[in-house]
Amino acid sequence: FPSHDSICIIFIWLSFLSKAQTNLVPNGSFEELDTCDVGWNKLAQAAPWFQPYANIGLGGSSDVWNSCSNNPLYSVPINQAGSQIPRTGNGYAGICVYLPQFPNEGREYIEIGLSNSLIIGKRYKVEFYASPAINVWFHIGIAGIAAYLSSDSLIINNNIPIIIPPNVSSPIDVPIIDTVNWTKIQGEYVAKGGEKFLTI
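Residues numbered from 1 in each chain as written. Predicted model: local features only at pLDDT ≥ 70, side-chain atom pairs only at ≥ 80, totals over all residues. Heavy atoms only, no water.

(A) Structural detail: the overall build of the protein chain. Along its length, the protein chain carries zero helices and 11 strands. Counting from the amino terminus, helix and strand elements in the protein chain follow one another as β-β-β-β-β-β-β-β-β-β-β. Of all 200 residues assigned to the protein chain, the portion counted as buried reaches 47%. Carbon and sulfur atoms provide 56% of the accessible area of the protein chain, an area that totals close to 9,300 Å². (Helix = DSSP H or I, 4+ residues; strand = E, 2+ residues; numbered from the N terminus. Buried < 20%, exposed > 50% of the residue type's maximum accessible area, 1.4 Å probe, protein only. Areas by Shrake-Rupley, 256 points an atom, 1.4 Å probe, with all protein chains shown as cover.)

(B) Quick look at unusual backbone geometry. In this structure, the amide linkage connecting Ala47 to the following residue, Pro48, adopts the cis form with an omega of 10 degrees. Relative to the assigned elements, Pro48 resides in the loop between strand S1 (5-16) and strand S2 (63-66). Of note, the amide linkage connecting Val76 to Pro77 takes the cis form, showing an omega dihedral of 15 degrees. Within the secondary structure layout, Pro77 lies in the loop between S2 and strand S3 (78-79). Phi angles above zero are rare outside glycine, and Asn27 is one such case at about 55 degrees. With respect to the helices and strands, the residue Asn27 is situated in the loop between S1 and S2.

(C) Here's a closer look at the environment of Asp173. Position of Asp173 relative to the elements: it lies in the loop between strand S9 (168-169) and strand S10 (183-190). Residue classification places Asp173 among the exposed positions, given a relative accessible area of 64%. With 30 residues separating them in the primary sequence, Asp173 and Ala143 have C-alpha atoms 6.5 Å apart.

(D) Highlighting the environment of Phe128. The topology assignment puts Phe128 in strand S7 (residues 123-132). Look at Phe128 and you get buried, because its relative accessible area is 0%. Measuring from C-alpha to C-alpha, the distance between Phe128 and Gly28 comes to 9.1 Å, with 100 residues separating the pair along the chain.

(E) Summary view of the sheet that holds S9. A sheet is described by the order of its strands in space; here four strands give the open sequence S6-S11-S8-S9, paired in antiparallel fashion. Among the strands making up the open sheet, the edge pair consists of strand S6 (111-113) and S9. Here strand S8 (residues 146-150) runs beside strand S11 (residues 197-199); their pairing, made up of three bridges, is antiparallel. If you follow Ser150 over to S11, its bridge partner there is Phe197. (Pairing = 2+ DSSP bridges.)

(F) Molecular detail of the state of the cysteines. In total, this model carries one disulfide according to the counting rule given. The partner cysteine of Cys36 in its disulfide is Cys68, sulfur to sulfur 1.6 Å. As the torsion about the S-S bond is roughly 105 degrees, the Cys36-Cys68 disulfide counts as right-handed. Here Cys68 lies in the loop between S2 and S3 and Cys36 lies in the loop between S1 and S2, a separation of 32 residues in the sequence. (Disulfide = S-S within 2.5 Å.)

(G) Representation of the nonpolar core in the model. Judged by nonpolar contacts, the single largest core of 38 residues is most densely connected at Phe30, Trp49, Leu118 and Ile145. With five residues, the single largest contributor to this core is S7. (Core = buried A, V, L, I, M, F, W, Y, C linked by side-chain atoms within 4.5 Å.)

(H) Spotlight on the confidence of the model for the protein chain. Averaged over all residues, the pLDDT of the protein chain is 81; the fraction at 70 or higher stands at 77%. In the predicted structure, residues 1-7 sits below a pLDDT of 50 and forms 42 contacts with residues beyond four places in sequence or in another chain. (pLDDT = per-residue confidence, 0-100. Contact = heavy atoms within 4.5 Å.)

(I) Structural detail: the side chain of Gln84. You can see Gln84 is positioned in the loop between strand S4 (82-83) and strand S5 (91-98). The exposure class assigned to Gln84 is buried, which follows from its relative accessible area of 7%. At 3.4 Å, the side chain of Gln84 and the backbone oxygen of Thr179 are in polar contact. In terms of polar contacts, Gln84 uses its side chain to reach the backbone carbonyl oxygen of Val180, at 3.5 Å. Setting aside anything within four residues of it in sequence, one finds Gln84 in contact with Val76, Pro77, Tyr92, Ser131, Thr179, Val180, Asn181 and Trp182. (Polar contact = N/O pair within 3.5 Å; in protein donor to acceptor, adjacent residues only side chain to side chain.)

This is the structure:
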């Protein structure tokens, strides 16, 4: 099993703050799969999601798990990360957010292009859910899970963490420790205009 602190992410929501809300995040619940060849380093199966790390290694093996998998390591609700029922649908994504043996490396991210660019001055609602994995050798809870909106992709060629102030984040002093329920992370964002990518 993974030797790192992991977290599952499900259902990403980004919309105008209005009565008629439309999610601007395609495949926001990781339900649409190219094939059911899911698991470790298979985030691309839930296109158009992708990993912003150009090099696979300590950073960049983001996962997707789904009940359609015949492999018990990658199915849902029981898989290599432990046991978690999807909040909605049949699957979720997973990322490693901390490696104790490499505290300044080893972050994983997920990124997606939005269905429309954000409009300057408009207020948007950002919402997603997280749950810590159970089957990890090092588990202390997870704080500061964040979302960042940008006009360009954050693709990078090294393993160091992306150091950018987030637009929406869970509290950095309140770890997410509930492995049974999904924890909602939400906030509002006023667009600078032209933001087209969302990274978590």
